[in-house]
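Listed below, chain by chain, are the residues.
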Amino acid sequence: MEECSPFNDNTIMHDVNCIFCKIATGIIPAEKVYENDEVLAFLDNTPVNKGHTLVIPKSHTTNIFTITREDLSAVMEAVRILAPRVKAATNAGGVNVIMNNDAPAGQVVFHSHTHIIPRFENDGFRHWHGGTYGEGEMGAIGAMIRAQN
Ligand code: 5GP
Ligand code: ZN
């Protein structure tokens, strides 16, 4: 990790081997659609649907398990601003807002990012299947989550 010139009072950290840090610093080009001091949004280059947008903090963290409260807030505020813009620009019927965290959850690029995916009726992008709980299982799992801290 290297420390870069901050745009404001926050220190922005970059990982020299990270592809999204290279986009954030302009080393690799991207189709940017929004930027402020804390975040950058650009088009995913292999989109689910055209207009699929990625919102990243400029400072390198890997995912939801390491992102700072401030960067997550800045990302989600940018998502709030951008979701209607992406929907309107693509004439989509809706959007999915998704963050994949760690490899089993589908994360491929280990720089925190949130997807805004424009959606259309019958576009083929599949939601999760609905699973089931056995007798007492939901309560047990709920208790295990509540016990974590
Ligand atoms: P993940 O599966 O990690 O949540 O999503 C990573 C996303 O980054 C993928 O959808 C992939 O298409 C996108 N991506 C990977 N490398 C690049 C790149 O160099 N440029 C752009 N614009 N998108 C990228
Ligand atoms: Zn990075």
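These numbers come from a predicted model, not from an experiment.

The rules behind each value
Residues numbered from 1 in each chain as written. Chains lettered and ligands numbered in written order. Predicted model: local features only at pLDDT ≥ 70, side-chain atom pairs only at ≥ 80, totals over all residues. Helix = DSSP H or I, 4+ residues; strand = E, 2+ residues; numbered from the N terminus. Buried ≥ 20, exposed ≤ 12 C-beta atoms within 10 Å, placed from the backbone. Contact = placed C-beta atoms within 7 Å. Core = buried A, V, L, I, M, F, W, Y, C linked by C-beta atoms within 7 Å. pLDDT = per-residue confidence, 0-100. Expected span 1.5 Å × (residues − 1). Bend = angle between axes of the 7 residues up to and from the residue. Pairing = 2+ DSSP bridges. Axes fitted to C-alpha atoms, helices over the stretch in contact; angles between N-to-C directions.

**Q** Please clarify how the overall build of the chain should be interpreted in this entry.
**A** Across its full length, the chain carries three helices and seven strands. Starting at the N terminus and walking to the C terminus, you meet the elements of the chain as β-β-α-β-β-β-α-β-β-α. Based on the C-alpha atoms only, the size of the chain along its principal axes is roughly 55 × 40 × 25 Å. In the chain, which comprises 149 residues, the proportion classed as buried is 26%. Of all intrachain contacts in the chain linking residues separated by at least 6 positions in sequence, the fraction that spans at least 24 positions is 54%.

**Q** I'm lost on the nonpolar core in this one. Help?
**A** Most often, soluble globular proteins have nonpolar side chains that are buried together. Residues Val39, Ala41, Val55, Ile56, Ala78, Leu82 and Ile116 are the most contacted members of the largest nonpolar core, which totals 21 residues. Among the secondary structure elements, those contributing two or more residues to this core are helix H1 (19-24), strand S4 (39-43), strand S5 (53-57), helix H2 (69-90) and strand S7 (114-119). Per element, the largest residue contribution to this core is six residues, and it comes from H2. Those residues within four positions of Ala78 in sequence are excluded, and the remaining contacts are Tyr34, Val39, Ala41 and Val55.

**Q** What am I meant to see in the confidence of the model for the chain here?
**A** One rule of thumb: low pLDDT means the predicted coordinates there are not for detailed reading. Averaged over the chain, the pLDDT score is 94; the fraction of residues at 70 or greater is 93%. Counted against residues more than four places away or in other chains, residues 5-9, with its pLDDT under 50, gives five contacts.

**Q** Please clarify how the environment of His60 should be interpreted in this entry.
**A** Within the fold, His60 resides in the loop between S5 and H2. Judged by the 25 C-beta atoms lying within 10 Å of it, His60 is buried. Along the chain, His60 and Thr114 lie 54 residues apart, while their C-alpha atoms are 14 Å from each other.

**Q** What is the right way to look at the environment of Glu137 in this model?
**A** Looking at the element boundaries, Glu137 is found in helix H3 (residues 137-147). What makes Glu137 exposed here is the crowd of 10 C-beta atoms within 10 Å. Spatially, the C-alpha atom of Glu137 lies 35 Å from that of Asp71, the residues being 66 residues apart in sequence.

**Q** Can you help me understand the environment of Val48 in this one?
**A** Positionally, Val48 belongs in the loop between S4 and S5. Judged by C-beta crowding, with 16 C-beta atoms within 10 Å, Val48 ranks as partly exposed. On a C-alpha basis, the gap between Val48 and Ala143 in space is 36 Å, while along the polypeptide they are 95 residues apart. Beyond its immediate chain neighbours, meaning those up to four positions away, Val48 contacts Ile117 and Phe125.

**Q** Which parts of the structure should I look at to understand H2?
**A** Quick reminder: α-helices carry 3.6 residues per turn. Residues three or four places apart thus point the same way. Helix length check: H2, at 22 residues, gives a terminal C-alpha distance of 31 Å against a target of 32 Å (1.5 Å per residue), a fit within 8%. Of all bends in H2, the biggest is about 35°, found at Leu82, and the proline Pro84 comes one to four residues later. Buried within H2 are the following residues: Asp71, Ala74, Val75, Ala78, Val79, Leu82 and Val86. Looking at the buried residues of H2, the elements they touch are strand S3 (32-35), S4, S5, strand S6 (94-98) and S7.

**Q** How should I be thinking about the sheet that holds S5 in this particular structure?
**A** Pairing between the strands of a sheet comes from backbone hydrogen bonds, and it takes one of two forms, parallel or antiparallel. With respect to topology, five strands assemble into an open sheet ordered S3-S4-S5-S7-S6, the strand pairing being antiparallel. The open sheet has two edge strands with one neighbour each: S3 and S6. Going across the sheet, the axis of each strand differs from the next one's by a mean of 20°, ignoring polarity.

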